[in-house]
Amino acid sequence: MRSCKMPSGNEMPVFGIGTWRMGESRAKRDQELAAIKYALELGYPMIDTAEMYGDGGAEEIVGEALAGVRKRPFIVSKVYPHNASRSGTIAACERSLKRMKLERIDLYLLHWRGGVPLAETYEAFFRLRQAGKIADFGVSNFDTGDMEEAATLDKGLTGSDQVLYCLSRRGPEYDLLPWLRQRSIPLMAYSPLDQGRLLGNATLKKLAGDLRCTPAQLALAWVLAQPGVVTIPKSMTRERVKENLGAVDLKLSPDVRSELDRAFPPPKRKQALGML
Ligand SMILES: NC(=O)c1ccc[n+]([C@@H]2O[C@H](COP(=O)([O-])OP(=O)(O)OC[C@H]3O[C@@H](n4cnc5c(N)ncnc54)[C@H](OP(=O)(O)O)[C@@H]3O)[C@@H](O)[C@H]2O)c1
């Protein structure tokens, strides 16, 4: 599995499983746990979660799925903006570690910008990093202006910006993605299937048929073909967990990429960053 280097020098895998909407319902818990365990069995090298997901429930499922695994995946989690004060960030991280039964989170993100001054959150990130509780830190849902501001505080260490990016949401290509690339900060694309909405697109379906892959694999392979981009599709369905991993080995020809560009044109002007 390929990886992307973060400004700290640490590597982040290009592919992982997301966990939004997991840990919310007792009835679905076994299925969600089985999906994450299966992803790990198949060799998914990264899990994305957050204290927000299922109010800690998703992190608990992650912790359970990790019990007994031989090769620990790269773990990403996020702090709520309302917890992101100097002491609040540290306390939130400690709660996340406890729920996942971990000693260290590989990448810890501010979930989105809230009312707490960014300088306070970054100070907490530095302290957590120094204490070994996180290896890297970063942000999510930050547009270029927010990144510029973060760069004044980050000592060159912001590890990633996790944003909405997929074939039908290409806005970040206009300025955010080039800005991140210049600084070797990986963009982590969330909702790479546009939460499933993308998959009914006629062009995507036709091209996938021609390539003998599925629309989801084609959509994910397109995201993975963008330099400096990593992604974290979510599924709690066994077959789809396996199907999605198949995208990692799918290479897209220039002709296929041009057809996708015609169906999903790249942005011609600045678009405000989308958020789900
Ligand atoms: N930082 C943020 O603000 C933010 C926001 C949104 C998401 N995220 C992260 O990014 C992850 C991924 O985004 P997402 O969950 O919003 O959306 P997504 O990964 O684009 O799509 C997930 C949806 O697509 C379905 N799906 C997955 N694989 C499929 C396949 N092969 N064929 C058909 N349907 C498929 C899933 O259903 P089943 O589960 O039933 O298979 C689920 O309903 C999240 O789980 C979360 O970790 C972060």
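This one's a predicted model, so the numbers in the text were calculated from it and none came from an experiment. (Residues numbered from 1 in each chain as written. Predicted model: local features only at pLDDT ≥ 70, side-chain atom pairs only at ≥ 80, totals over all residues.)

When its secondary structure is counted, the protein shows 10 helices and 10 strands. Relative to the globule expectation of 19 Å for 276 residues, the C-alpha radius of gyration of the protein, 18 Å, shows essentially globular dimensions. Here the C-alpha coordinates of the protein stretch approximately 55 × 45 × 30 Å along the principal axes. A sequence separation of at least 24 residues applies to 78% of the contacts in the protein between residues at least 6 apart. (Helix = DSSP H or I, 4+ residues; strand = E, 2+ residues; numbered from the N terminus. Rg over C-alpha atoms; globule rule 2.2 N^0.38 Å. Contact = placed C-beta atoms within 7 Å.)

With that settled, consider the pairing of strand 8 (residues 158-164). Within strand 8, seven of the seven residues are buried, which leaves it mostly tucked inside the rest of the structure. Across three bridges, strand 7 (residues 134-140) lies against strand 8 in parallel orientation. The residue of strand 8 that forms the bridge with S140 is Q162. Once you follow strand 7 into helix 5 (residues 144-151) and on to strand 8, the crossover reads as right-handed. (Buried ≥ 20, exposed ≤ 12 C-beta atoms within 10 Å, placed from the backbone. Pairing = 2+ DSSP bridges. Right-handed = clockwise from strand over helix to strand, strands pointing away.)

A few words on the site of the ligand. Residues in contact with the ligand amount to 27 residues; listed here are only the nearest, G18, W20, L193, A216 and K234. The element contributing the most residues to the shell around the ligand is helix 9 (residues 238-245), with three residues. Tallied by class, residues from the shell around the ligand come to 10 nonpolar, 12 polar and five charged. (Near = placed C-beta within 6 Å. Nonpolar A, V, L, I, M, F, W, Y, C, P; charged D, E, K, R; others polar.)

So, about the pairing of strand 7. Here strand 7 lies mainly inside the structure; six of its seven residues are buried. Of the pairings in the sheet, the one linking strand 6 (residues 105-110) to strand 7 comprises five bridges and is parallel in character. Within strand 7, the position partnered with L107 by the bridge is D136. What joins strand 6 to strand 7 is helix 4 (residues 118-130), and the crossover it makes is right-handed.

What follows deals with the nonpolar core. With 76 residues, the main nonpolar core has I36, Y108, A219 and V223 as its most contacted residues. Of the residues forming this core, the biggest block, eight residues, is contributed by helix 8 (residues 215-224). Discounting chain neighbours no more than four positions away, the residues touching V223 are Y165, C166, A189, P192, V229 and T231. (Core = buried A, V, L, I, M, F, W, Y, C linked by C-beta atoms within 7 Å.)

Those residues of helix 7 (residues 202-211) that sit buried are L204, L207 and A208. Buried residues of helix 7 fall within an arc of 100° about the axis and therefore sit on the same side. Pointing more than 90 degrees away from the buried face of helix 7 are the exposed residues A202, G209 and D210. Along its buried surface, helix 7 packs onto helix 8 and helix 10 (254-263). Of the residues trailing helix 7, R212 is marked for its positive phi of about 55°. (Arc of directions from axis to C-beta.)

Sheet architecture is open: eight strands sit in the order 3-4-5-6-7-8-9-10, paired in parallel fashion. Looking at strand neighbours, the two that pair on one side only are strand 3 (17-18) and strand 10 (229-231), the edges of this open sheet. Sheet analysis places strand 3 next to strand 4 (residues 46-48), joined by two bridges and oriented parallel. Residue pairing for strand 4: I17 is matched across the bridge by I47. Across the face of the sheet, helix 3 (residues 86-100) comes into contact with strand 5 (74-79), strand 6 and strand 7 while running at roughly 140° to strand 5. (Axes fitted to C-alpha atoms, helices over the stretch in contact; angles between N-to-C directions.)

Moving on, we come to the environment of W222. For W222, the position within the fold is in helix 8. For W222, a count of 25 C-beta atoms within 10 Å corresponds to the buried category. Not counting residues up to four positions away in its chain, the partners in contact with W222 are L167, L252 and L260.

Function-wise, these values are silent; they only describe arrangement.
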